[in-house]
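Residue strings, one per chain:
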Amino acid sequence: MKLTVGFIGAGNIAEAMISGLTKVDKSIQIRVTNHSNTERLQQLAASYNLLISNLNELVENSRVLIIAVKPKNVKDVLEQLKTFDLGGKLIISVAAGVPLRLFNKFLPGVAVIRAMPNTSTTVLHSMTGLVRGEDVTAEQAEMSEQIFSAVGKILWIPEEKMNALTAISGSGPAYFYLFIESLISAGVQLGLSEEEAEMLVLETSIGAGKMIAESEKSPGRLRKEVTSPNGTTYAAINIFMEEKLAETVVKATKACALRSEEMEGEYSV
């Protein structure tokens, strides 16, 4: 049976998922609705050959409903969805910090999966964490795997680990982008043009990523192999160590996980 997916919300994560899905499976029928921004919907429809629908049409014609609105707007969506017959449908939420208990409150007995992909779905390399609600059937779980495996790797986890996963992989791409931005800026300060620095940093980043992905060696081992004692790389790594880079990373990810936990409290009442 052809997979029919309806996106409620048309923001960045929705577009990233749509972009990835349409690259790997042209047979998936995708609908999207957004309560206010019709210009945004038209842009997505033109780019990805999807169907613009109102909520009624989307629910009626989609086996899977993906809630991709801002966390603060999830309750409004659930207030609308509870008026529909959702029997046999799968709800997937990609809204950060919104726990399953909120969905169970508004949609008792409905199959709900909580997912945390990242924007690398666009390039088919997302890391997505999945939490299975108690009413999800084996077929529906497989359906969610089909969707997210198409755009990267998946990991089923208990819900109590979702905040940690959000801090590492959900928000993780932004950490790498910040480091890359900083390295480009450093290159400019060392006398390179911005174009030169950007080319050097981006290609180095791609190469390092491929080395990690394709080598059987750990990142730590790879780092040590390019760090000769008292050499140029050693001089740089020493500064990172002195400035407590590792401790800063832990502190930052804990702040992310804590905010995710706080959001769970805010959006579950």
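As a reminder, the structure under discussion sits directly above these lines.
About the criteria used
Residues numbered from 1 in each chain as written. Predicted model: local features only at pLDDT ≥ 70, side-chain atom pairs only at ≥ 80, totals over all residues. Heavy atoms only, no water. Axes fitted to C-alpha atoms, helices over the stretch in contact; angles between N-to-C directions. Helix = DSSP H or I, 4+ residues; strand = E, 2+ residues; numbered from the N terminus. Parallel < 35°, antiparallel > 145°, perpendicular 65-115°, else oblique. Left-handed = near helix turned anticlockwise from the far one by under 90°. Contact = heavy atoms within 4.5 Å. Expected span 1.5 Å × (residues − 1). Buried < 20%, exposed > 50% of the residue type's maximum accessible area, 1.4 Å probe, protein only. Arc of directions from axis to C-beta. Pairing = 2+ DSSP bridges. Phe/Tyr/Trp six-rings, centres within 6.5 Å; stacked < 30°, edge-to-face > 60°.

**Student:** Please explain the packing of helix 8 (residues 172-189) against helix 9 (residues 194-214) as it appears in this structure.
**Tutor:** Axis angle and axis distance: for two packed helices, these are the angle between their axes and the distance between the axes, and together they describe the pair. Between helix 8 and helix 9, whose axes approach to 8 Å, the crossing angle comes to 140°. Considered as vectors, helix 8 and helix 9 are oriented oblique to each other. In terms of crossing hand, the pair formed by helix 8 and helix 9 is right-handed. Here Ile-180, Leu-183, Ile-184, Gly-187 and Val-188 of helix 8 come into contact with helix 9, specifically with Glu-194, Ala-197, Glu-198, Val-201, Leu-202 and Ser-205.

**Student:** Teacher, can you tell me more about helix 8 here?
**Tutor:** Since one α-helical turn is 3.6 residues long, residues separated by three or four positions face the same way. For helix 8, with 18 residues, the first-to-last C-alpha span of 26 Å sits near the 26 Å given by 1.5 Å per residue. Along helix 8, the residues that are buried comprise Gly-172, Pro-173, Ile-180, Ile-184 and Gly-187. Taken around the axis of helix 8, the buried residues stretch over an arc of 115°, which confines them to a single face. Along helix 8, exposed side chains directed more than 90 degrees from the buried face belong to Leu-178, Glu-181 and Gln-189. Directly beyond the C-terminal end of helix 8, a positive phi value near 110° is found at Gly-191.

**Student:** Just to check I follow, could you spell out the sheet that holds strand 7 (residues 126-132) for this structure?
**Tutor:** Across a sheet, strands are paired by hydrogen bonds formed along the backbone, either parallel or antiparallel in direction. Pairing in this open sheet of eight strands is mixed, and the strands run 3-2-1-4-5-6-7-8 from one edge to the other. Each edge of the open sheet is held by one strand with a lone partner, namely strand 3 (51-52) and strand 8 (152-156). Strand direction decides the pairing type here: strand 2 (residues 29-33) and strand 3, joined by two bridges, are parallel. From the neighbouring strand, Arg-31 faces strand 3, where its bridge partner is Leu-51. Along the sheet face, helix 6 (residues 138-149) touches strand 1 (4-8), strand 4 (64-67), strand 5 (90-93), strand 6 (111-116), strand 7 and strand 8 and points at about 145° away from the line of strand 8.

**Student:** What exactly am I supposed to notice about the packing of aromatic side chains here?
**Tutor:** Two aromatic rings, taken as a pair, are described by how far apart their centres are and by the angle between their planes. Counted by the stated rule, this structure contains one aromatic pair. Taking 6.1 Å as the distance between ring centres and 50° as the angle between the ring planes, the aromatic pair formed by Phe-179 and Phe-240 counts as tilted. With Phe-179 in helix 8 and Phe-240 in helix 11 (residues 232-242), this pair connects stretches of sequence that are 61 residues apart. The exposure class of Phe-240 is partly exposed, given its relative accessible area of 34%.

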